[in-house]
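# Examination of the molecular architecture
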Amino acid sequence: MGRFVCIGEIVKAIGLKGELKLYPLLDFYEPLLDSEFLVWQDGSPAELTGHRQAGSCWSLKVQGVTDRNQADLMVGRELGFQANNYRQETFPRPEEGLPFRYLGRQVKTADGQLVGTVDEVRVGGARYLLVIPGEKGEILIPTVEPILAHDDNLEGDLVIDPPEGLLDVQD
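Procedures and definitions
Residues numbered from 1 in each chain as written. Predicted model: local features only at pLDDT ≥ 70, side-chain atom pairs only at ≥ 80, totals over all residues. Heavy atoms only, no water. Helix = DSSP H or I, 4+ residues; strand = E, 2+ residues; numbered from the N terminus. Buried < 20%, exposed > 50% of the residue type's maximum accessible area, 1.4 Å probe, protein only. Contact = heavy atoms within 4.5 Å. Areas by Shrake-Rupley, 256 points an atom, 1.4 Å probe, with all protein chains shown as cover. Lys, Arg positive; Asp, Glu negative; His and termini not counted. Charge placed at Lys NZ, Arg CZ, Asp CG, Glu CD. Patch = residues over 30% accessible without salt bridge, like charges linked within 9 Å, V, L, I, M, F, W, Y side chains within 5 Å. Salt bridge = Lys/Arg side-chain N within 4 Å of Asp/Glu carboxyl O. Pairing = 2+ DSSP bridges.

## Topic: the overall build of the chain
The helix and strand tally for the chain stands at one helix and 12 strands. The principal-axis extents of the C-alpha atoms in the chain amount to approximately 60 × 35 × 25 Å. Within the chain, the fraction of its 171 residues that count as buried is 40%. Here the contacts in the chain between residues at least 6 apart in sequence split such that 56% fall between residues at least 24 apart. Looking at the chain as shown, the accessible area adds up to about 9,600 Å², and 46% of this sits on carbon and sulfur atoms. On the chain, the mean spot of the 16 positive side-chain charges and the mean spot of the 28 negative ones are 7 Å from each other.

## What to know about a nonpolar patch on the surface
A cluster of nonpolar residues, Val11, Tyr23 and Leu25, forms a patch on the protein surface that exposes about 250 Å² of accessible area. Tracing the backbone shows Val11 in strand β1 (residues 4–14). For Val11, a relative accessible area of 36% corresponds to the partly exposed category.

## Quick word on the pairing of strand β4 (residues 48–54)
The pairing of β4 with strand β5 (residues 57–62) spans six bridges and is antiparallel. Paired with Ala54 across the bridge in β5 is Cys57. Two successive antiparallel strands, β4 and β5, enclose a turn made up of two residues, where Gly55 displays a positive phi of approximately 70°.

Here it is in structure tokens:
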């Protein structure tokens, strides 16, 4: 089994008919809910029979979960996909890709200077920010062109062309 990428966590049971409340995380992408790639954190297939947005969360109906007691047993489970499926042609992903693919990758400048390793990805406006920890603080790299060329790979170095001052960290 490959690396599991969590898109959301079941946070509570809803009502008496077994619906579940999903709290979406950074890699959440709605079309994944209708895909064959959806799995639980243990790798078992997650078969949804319905879903709808409920405020900032999602209400899910899961195959085989028909009452409140069964739904209560699902609380705390994580929903996601196996990272190795991301490259498959039929995998649903947004044009800008999913942020999990940046984690753990080294960032270098176009001239080969090592900036560091991506430790976290944050939402920064309409795009993501790559967080690189350093001795003097965090370096935040926006995932916008021309700073970072589009990169939908899962491994290898990320190459940036930072504007002056982007890599400066204040004490």
